[in-house]
Amino acid sequence: MQRRYSRQRELILNCVKNTREHPTPDMVYQTLMPVCPNLSRGTVYRNLNLLAEEGVIERLPFPIERFDGRTDPHPHFICQSCGSVTDLEMDSQKEWDDEVQRKTGHIVQRHATYFYGICACCANVQEET
């Protein structure tokens, strides 16, 4: 079912789509408050969840839930120091999907790949200290 987008939902969607930060719901709320002062946190949460359920954005299930405007298969790097989330430009590992099907008979519809470590920015700060 195609839903009609309200002005607030459109602002929320554009906020997620137009950043590479993988924002938390609170980051979206803080970004939009100057533009839409009557926006509530509840509205942001509800709309982010609705957009994710519709497949318009991607929900990233990290310890602090984040959202990604990019829905094509791609891996992420999560910095365990600062918490930043970065898209990685790598092959989507379609071979993994094929291998799972070949070995188990399961049909993979999608998979997620997350790399955890220290981002280059945090690593540089650690080297300087």
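Values in this document were obtained by computation on a predicted structure and should not be read as measured data.

Calculation rules
Residues numbered from 1 in each chain as written. Predicted model: local features only at pLDDT ≥ 70, side-chain atom pairs only at ≥ 80, totals over all residues. Heavy atoms only, no water. Helix = DSSP H or I, 4+ residues; strand = E, 2+ residues; numbered from the N terminus. Salt bridge = Lys/Arg side-chain N within 4 Å of Asp/Glu carboxyl O. Contact = heavy atoms within 4.5 Å. pLDDT = per-residue confidence, 0-100. Buried < 20%, exposed > 50% of the residue type's maximum accessible area, 1.4 Å probe, protein only. Pairing = 2+ DSSP bridges. Axes fitted to C-alpha atoms, helices over the stretch in contact; angles between N-to-C directions. Parallel < 35°, antiparallel > 145°, perpendicular 65-115°, else oblique. Left-handed = near helix turned anticlockwise from the far one by under 90°. Nonpolar A, V, L, I, M, F, W, Y, C, P; charged D, E, K, R; others polar.

S.K.: Looking at this structure, I do not really get unusual backbone geometry. What am I missing?
M.R.: With the exception of glycine, most residues fall at negative phi, and the peptide bonds are largely trans. Of note in this structure, His-22 is not a glycine but carries a positive phi near 60°. Following the sequence through the fold, His-22 ends up in the loop between α1 (7-17) and α2 (25-32).

S.K.: Is there a simple way to think about the pattern of salt bridges in this case?
M.R.: As a working rule, side chains carrying opposite charge can pair if their charged atoms are close by. One pass over the full model with this rule turns up 10 salt bridges. For Asp-87, the salt bridge goes to Arg-20, with nearest N and O atoms at 3.1 Å. Of this pair, Asp-87 sits in strand β4 (residues 85-87) while Arg-20 is found in the loop between α1 and α2, placing the two residues 67 residues apart along the sequence. A salt bridge links Glu-99 to Lys-103, with the nearest nitrogen and oxygen atoms 2.7 Å apart. You can see Glu-99 and its partner Lys-103 sitting in helix α4 (residues 94-104), 4 residues apart, about one turn around the helix.

S.K.: Before we go on, may I ask you to explain the environment of Asn-47 in this structure?
M.R.: Take Asn-47: it is sitting in helix α3 (residues 41-53). For the pair Asn-47 and Thr-86, spaced 39 residues apart in sequence, the C-alpha separation works out to 23 Å. Residues in contact with Asn-47, not counting those within four places in the same chain, are Arg-9 and Ile-12.

S.K.: What's the story with the confidence of the model for the protein chain in this structure? I'm lost.
M.R.: Close inspection of predicted coordinates is inappropriate for parts of the model with low pLDDT. Model confidence for the protein chain is summarised by a mean pLDDT of 90, while 95% of its residues fall at 70 or above. Confidence, read as mean pLDDT per element, is least for helix α5 (residues 120-128) in the protein chain (85) and greatest for α2 (97).

S.K.: What exactly am I supposed to notice about the pairing of strand β3 (residues 76-79) here?
M.R.: Consecutive residues of a regular strand have side chains that alternate between opposite faces of the sheet. Alternating residues of β3 divide into His-76 and Ile-78 and Phe-77 and Cys-79, and every residue in both groups is buried. Note: β3 against β4, 3 bridges, orientation antiparallel. By the bridge assignment for β4, Phe-77 is matched with Thr-86. Count of turn residues in the β3/β4 antiparallel hairpin: 5 residues, of which Gly-83 carries a positive phi of about 85°. The pairing of β3 with strand β5 (residues 114-117) spans 4 bridges and is classified as parallel.

S.K.: Help me out: how do you make sense of the packing of α1 against α3 in this one?
M.R.: Think of two packed helices as two axes; the pair is described by the angle between the axes and how far apart they sit. Contact pair α1 / α3: the axes reach a minimum separation of 10 Å and the direction vectors enclose 70°. Classified by the angle between their axes, α1 and α3 sit roughly perpendicular to one another. Between α1 and α3 the crossing geometry is right-handed. Side by side, α1 and α3 meet where Gln-8, Arg-9, Ile-12, Leu-13 and Val-16 of the first sit next to Thr-43, Val-44, Asn-47, Leu-48, Leu-50 and Leu-51 of the second. Its residues placed into classes, the contact of α1 with α3 shows 7 nonpolar, 3 polar and 1 charged.

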